[in-house]
Structures are given as structure tokens and as C-alpha cells.
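Listed here are the chains, written in short residue letters.
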Amino acid sequence: MISPDFLFALLGAGALGAAVLPRLVARRPLSLPLVFLVCGIGLQLARVPLPDIDPVSDRAWVEHVTEICVLVSLMGAGLALNRPFGRRGWRGTWRQLGVTMPLTIAAVGPLAWGVLGWPAAAALLLAAVLAPTDPVLASEVRVGEPTDSEHDEDEVRFTLTSEAGLNDGLAFPFVLAAVALAAAAGGRVTGGGIAHWVLVDVGYKCVVGVCAGLAVGALLGWLFFRAGRRTMRLSEHREGFVAIGATFLAYGVTELLHGYGFVAVFVTACRIRAAERAHGFHTVLHDFVEQVERLLTAALLLLLGVFVAQGGLAPLTWQDALVGLLLLLAVRPLTAWLAQLGTSAGPRERLVIAFFGIRGVGSLFYLAHALGHSGFGVRAERLWAVVTFTVLASVVLHGVSATPVISRLDRLRLHRARADSAGPEPGEDEVAGKRL
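On a predicted model such as this, the values are computed, not experimentally measured, just so you know. (Residues numbered from 1 in each chain as written. Predicted model: local features only at pLDDT ≥ 70, side-chain atom pairs only at ≥ 80, totals over all residues. Heavy atoms only, no water.)

(A) Quick look at the overall build of the protein. Across its full length, the protein holds 16 helices and zero strands. Looking at the protein as a whole, 53% of its 436 residues qualify as buried. Taken as a whole, the protein presents about 18600 Å² of accessible surface, with 66% of it coming from carbon and sulfur. Distance from the positive charge centre (36 side chains) to the negative charge centre (34 side chains) of the protein: 6 Å. (Helix = DSSP H or I, 4+ residues; strand = E, 2+ residues; numbered from the N terminus. Buried < 20%, exposed > 50% of the residue type's maximum accessible area, 1.4 Å probe, protein only. Areas by Shrake-Rupley, 256 points an atom, 1.4 Å probe, with all protein chains shown as cover. Lys, Arg positive; Asp, Glu negative; His and termini not counted. Charge placed at Lys NZ, Arg CZ, Asp CG, Glu CD.)

(B) Quick peek at the packing of aromatic side chains. Tallying each qualifying case throughout the model produces 17 aromatic pairs. Between F85 and W94, the ring centres sit 5.6 Å apart and the planes meet at 75 degrees, which makes this aromatic pair edge-to-face. The partly exposed category is assigned to W94, whose relative accessible area is 31%. Lying across the ring of F158, R83 places its NZ or CZ 3.9 Å from the centre. (Phe/Tyr/Trp six-rings, centres within 6.5 Å; stacked < 30°, edge-to-face > 60°. Lys NZ or Arg CZ within 6 Å of the ring centre and 35° of its normal.)

(C) Representation of the pattern of salt bridges in the model. Scanning the model with the defined rule gives six salt bridges in all. Taking the shortest distance from any N to any O, the salt bridge between K205 and D201 comes out at 3.7 Å. On the criterion of helical spacing, the pair formed by K205 and D201 is a turn pair, its members being four residues apart in helix 8 (residues 191-225). Judged by relative accessible area, D201 falls into the buried class, the value being 8%. Its salt-bridge partner being D320, residue R382 comes within 2.8 Å of it at the nearest N-O pair. (Salt bridge = Lys/Arg side-chain N within 4 Å of Asp/Glu carboxyl O.)

(D) Representation of the nonpolar core. Ranked by internal contacts, the top residues of the largest apolar core, which has 89 residues, are W118, L125, L126, F224, F262 and F376. In terms of residue count, helix 11 (residues 281-312) provides more of this core than any other element does, 11 residues in total. Residues within four places of L125 in sequence aside, it is in contact with V175, A178, L367, A370, F376 and L383. Core analysis: the next-biggest nonpolar cluster, separate from the first, contains 13 residues, F356, A402, I406 and L409 among them. (Core = buried A, V, L, I, M, F, W, Y, C linked by side-chain atoms within 4.5 Å. Contact = heavy atoms within 4.5 Å.)

(E) Summary view of a positive patch on the surface. Judged by side-chain charge, R348, R408, R411 and R416 come together as a positively charged surface patch. Ranked by residues supplied to the positive patch, first place goes to helix 15 (residues 380-420) with three residues. Considering the arrangement of structural elements, one finds R408 in helix 15. The class for R408 is partly exposed, based on a relative accessible area of 46%. (Patch = residues over 30% accessible without salt bridge, like charges linked within 9 Å, V, L, I, M, F, W, Y side chains within 5 Å.)

(F) Molecular detail of the environment of L296. Within the secondary structure, L296 sits in helix 11. Here L296 falls in the partly exposed class, since its relative accessible area comes to 24%. As for L296 and P333, which are separated by 37 residues in sequence, their C-alpha atoms are 29 Å apart. Setting aside its immediate chain neighbours within four residues, L296 contacts I68, C69 and V72.

(G) Seen up close, helix 5 (residues 120-130). In terms of residue burial, helix 5 counts as a mostly covered element, since nine of its 11 residues are buried. Taken as a whole, helix 5 has its buried residues at A121, A122, A123, L125, L126, A127, A128, V129 and L130.

(H) Local environment of the side chain of R332. Position of R332 relative to the elements: it lies in helix 12 (residues 318-340). A polar contact is formed between the side chain of R332 and the backbone oxygen of A354, at a distance of 3.2 Å. Here R332 is in contact with Q96, T100, T133, L160, E163, L327, I353, A354, F356, G357 and R359, once residues within four sequence places are set aside. (Polar contact = N/O pair within 3.5 Å; in protein donor to acceptor, adjacent residues only side chain to side chain.)

(I) Quick peek at the packing of helix 9 (residues 242-256) against helix 10 (residues 261-275). Relative to each other, helix 9 and helix 10 sit at 135 degrees, their axes nearing to 8 Å. The pairing of helix 9 with helix 10 is recorded here as oblique in orientation. Pair helix 9 / helix 10 crosses with right-handed handedness. Residues A246, T247, A250, Y251, T254 and E255 of helix 9 form the contact with helix 10, whose participating residues are G261, F262, A264, V265, T268 and I272. (Axes fitted to C-alpha atoms, helices over the stretch in contact; angles between N-to-C directions. Parallel < 35°, antiparallel > 145°, perpendicular 65-115°, else oblique. Left-handed = near helix turned anticlockwise from the far one by under 90°.)

(J) Inspection of the layout of surface pockets at higher detail. Approximately 500 Å³ is the volume found for the second largest pocket. Contributing to the lining of the second largest pocket are 19 residues, with I53, V62, V65, L300 and L303 lying nearest its centre. Of all the secondary-structure elements, those providing two or more residues to the lining of the second largest pocket are helix 3 (59-80), helix 11 and helix 15. When residues in the lining of the second largest pocket are grouped by element, the largest group, seven residues, is from helix 11. Residues that form the lining of the second largest pocket fall into these classes: 14 nonpolar, two polar and three charged. (1 Å grid on protein atoms, 1.4 Å probe; cavity = no way out; pocket = protein on both sides within 12 Å on 5 of 7 lines; lining within 4 Å. Points joined across faces, edges and corners; volume = space filled by probe spheres on them. Nonpolar A, V, L, I, M, F, W, Y, C, P; charged D, E, K, R; others polar.)

(K) Structural view of the environment of E239. Turning to its location among the elements, E239 is positioned in the loop between helix 8 and helix 9. Here E239 falls in the partly exposed class, since its relative accessible area comes to 36%. When near neighbours in sequence (up to four residues on either side) are disregarded, E239 contacts F281, V284 and L285.

(L) Up close: the packing of helix 3 against helix 14 (residues 361-370). Orientation of helix 3 relative to helix 14, taken along the N-to-C sense of each, is 145 degrees, at an axis distance of 8 Å. Once helix 3 is placed against helix 14, the crossing between them reads as left-handed. Seen from helix 3, the contacting residues are R59, V62, E63, T66, E67, C69 and V70; seen from helix 14, they are V361, G362, L364, F365, A368 and H369. Taken together, the residues that form the contact of helix 3 with helix 14 break down as seven nonpolar, three polar and three charged.

(M) View of a nonpolar patch on the surface. A cluster of nonpolar side chains, L334, W337, L338, L341 and L351, forms an exposed patch at the surface whose accessible area comes to about 450 Å². With three residues, helix 12 is the largest single contributor of residues to the nonpolar patch. Within the secondary structure, L338 is located in helix 12.

What follows is the structure, encoded as C-alpha cells:
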């Protein structure tokens with residue numbers, strides 16, 4: 001049995017590591033998730049007394065812990081975006097949501113059905129779980145902290161951040177479709193079931209998520225920046241923890257209304273950001289959320305590494321691994337590249353956006369949530385092995401490549417801006433606006 005004293009020491013070391021490691025790995029082909037994943041594997045291989053990690057028997061715990069991590073990341077992503085919400089400015093995002101995600105599901109589902117021989121419900125579940133990109137493990141390709149400029153975000157970082165912020169919520173209808181298909185008698189799809197899915201799971205819940213997010217965001221924007229009494233105006237007190245309160249309020253209210261809380265949290269963050277773009281309180285909120293996110297990410301990736309070293313991938317077959325690798329190396333890059341045609345991103349930027357389809361904590365949450373229901377026809381241990389392998393491969397592949405690739409794009413933008421600038425040194429807006 002693990003000693004409580006040892007657990008305290010481990011938690012303390014992990015928290016300090018989460019503070020120090022980002023600076024140590026900066027500008028290196030490493031990422032914080034990758035480092036903690038390796039640490040988790042190393043601790044288990046060193047036979048450190050650690051608890052057994054079993055996401056099947058501890059499904060409810062896994063669901064709620066990953067849920068909180070995703071929620072905090074969604075708030076941080078929304079607060080960091082400087083670009084005003086709009087049809088043209090967010091064109092790349094809409095393409096990722098409306099083209100890349102459906103095409104990814106349409107490709108992975110048949111792969112799981114044909115290559116793995118899984119039933120339709122399990123194949124759809126795997127496709128839905130692995131479809132969204134992740135706001136948690138995407139820190140290297142996300143926008144930075146909030147600024148008072150609306151044009152200092154390059155197209156790659158903005159598109160990947162806004163995509164991750166929205167598609168985690170929009171994957172829910174497809175997960176619910178898989179759950180409904182598993183529960184249907186004989187796996188038969190009826191007209192009534194399709195109508196319910198379109199009207200309720202897609203229509204009503206998405207609309208409620210957006211509307212609740214706008215309403216809560218407007219209320220909090222007033223409370224933060226425009227309340228008549230100074231004691232009520234929270235931006236005057238610069239307490240970052242209110243961002244967590246905003247996160248849980250938006251999520252809880254929306255879920256009580258049977259909407260998609262993930263969508264609401266991101267929309268709430270964007271609405272708060274729009275309430276007063278130049279205020280320094282946004283940086284306070286964002287920095288606090290980022291610190292909490294970093295702690296949660298460190299803990300989850302450490303546990304994921306322990307799970308892998310304890311044999312979590314034992315049920316994995318080579319066919320399972322092939323499907324995961326095809327998603328990361330073929331399906332996502334091809335569908336996202338096609339989706340970005342006609343957007344303002346340049347050819348190099350389209351390739352980078354297409355490649356960095358990071359899978360992570362969001363996929364773990366969706367799988368844990370779906371496995372609260374039965375009837376998928378595939379052992380839960382195998383489903384966990386496939387999803388864990390895909391997340392593991394994504395952490396390694398994207399964690400190693402993110403820093404050098406993004407740094408290369410930054411240097412090219414700066415070089416082109418200097419060549420085109422009439423002044424001594426181009427501004428951040430001018431650099432970010434260069435298309436590659």
C-alpha cells in the first residue's frame with residue numbers, strides 16, 4: 001500500500017516540476033506532457049510503490065478528473081484569444097469544425113469497422129472519441145497570453161487554439177450517437193432515433209451551450225469590468241481564482257439546462273475577453289488558469305505513464321495501433337489540409353495546421369464518459385488501449401516536433417516582415433500577419 005508521506009512527497013515534487021520544467025524544455029524538442037509521461041513510466045519501471053491504475057474499474061474518477069482538466073483548459077484558451085469573434089476572421093476555425101471533424105469521423109469509423117472488425121457502435125465511438133483535437137496538450141501550438149492587440153496572433157496558433165476550444169464540445173453529439181446505437185435493439189437505426197439526435201443532441205444542446213455561454217459571459221463581463229460599485233467590480237481586486245468560478249458556473253448552468261457545457265465554457269471565456277479587451281485583468285485570469293492547467297496536466301500525464309508501464313497497452317493489437325497511426329499521420333493531415341484550402345493561411349501554414357491534430361485528455365474523458373453505458377461489443381480494456389496508444393503516440397510525435405516547427409515558422413515570418421518593412425524593426429502585428 002502506498003504511504004501517505006510518500007504521496008505528499010510525490011505531489012510536491014510534481015508541482016515543483018510543473019513550475020520548473022517549462023523553462024528547462026523551452027526551445028527544445030520536448031514538451032511538458034512528454035516529460036511527465038516519461039517520468040510516470042520511469043517511476044513505475046523503477047518499482048516505486050504506486051497505486052494500480054485501472055480506468056475500467058475507476059471509470060467515474062477518470063471521467064471527472066479529465067473533465068475538470070478539459071474545462072480549465074477551455075477557459076484558458078478562450079481568455080487567450082485576442083482576435084474578435086467573426087465569420088471571416090475565424091474562417092479557418094469554421095473549416096476545421098465543419099469539414100475536418102466530420103471527415104475524420106467518417107474515415108476512422110470505417111477503419112475501425114473494416115480493419116478491426118468492430119461493431120458499428122464501437123467503431124463510431126472510437127471515431128468520435130479520437131476526432132477532437134486537444135486544448136490540454138497543445139500548449140506549444142497555442143496562442144500566448146492575452147494582449148491589447150487584435151492582430152498579433154499568427155494564423156497557425158489562432159486556428160489550432162480556437163479549433164481545440166470548440167471541437168471538444170462538438171464531439172459530444174457523435175459520442176451520444178454511438179451510445180444510442182449501442183443501446184438500440186439489434187443496432188437498428190430508426191427514423192425517430194435519427195430525428196432525436198438531429199433535433200436534440202445536435203440542435204438543442206449546441207444552441208443551449210452557445211446561448212448559455214454568451215449569457216454567463218455577458219453577466220461576468222459586467223461584473224468584472226462594469227459593475228457600478230467598485231467593491232463589486234472584480235477586475236479592481238485582481239484575484240485570478242475567479243476564472244475557476246466562471247468556468248464551473250458556465251459549465252454547471254449549461255449542464256442543468258441539458259446543453260453542452262464544454263461549448264459554454266469556451267464561449268463564456270471568449271465573451272469575457274470581448275467585454276474589455278485592453279484590461280490587464282485578462283492576464284491575471286489567464287495566468288491563474290494556466291497554472292492550474294499545468295498542475296492538472298502534470299498529474300494526469302504522470303498517471304498515464306504509470307498506466308502504460310503497468311501494462312495498459314497489453315490488449316493492443318498491431319491492427320489497433322495501425323488505426324491510431326493512420327489517424328495521426330494520414331486522416332487528420334489530409335482532411336485538415338483540404339479544409340484549409342481557400343482560407344487566409346499560406347501553404348506552409350496549412351501543412352502545420354493539418355499536421356498538429358493533437359489528441360489527449362479530451363479523448364480520455366469522452367471514452368470514460370461513454371463507457372458508463374454498455375453494449376459496444378468490444379472489451380473496455382481494448383478500447384482504453386487503443387485510445388491510450390493514440391494519445392501516447394500524439395504526445396511523442398507532436399511533443400518532439402512542435403517547438404522546432406513553430407520556431408521555424410516564427411523565424412520565417414520575422415525574416416519576411418523585416419524584408420518588407422520600411423521601418424527599423426517590424427511590430428508584432430506586422431510579423432503575425434505574414435502568410436507563409
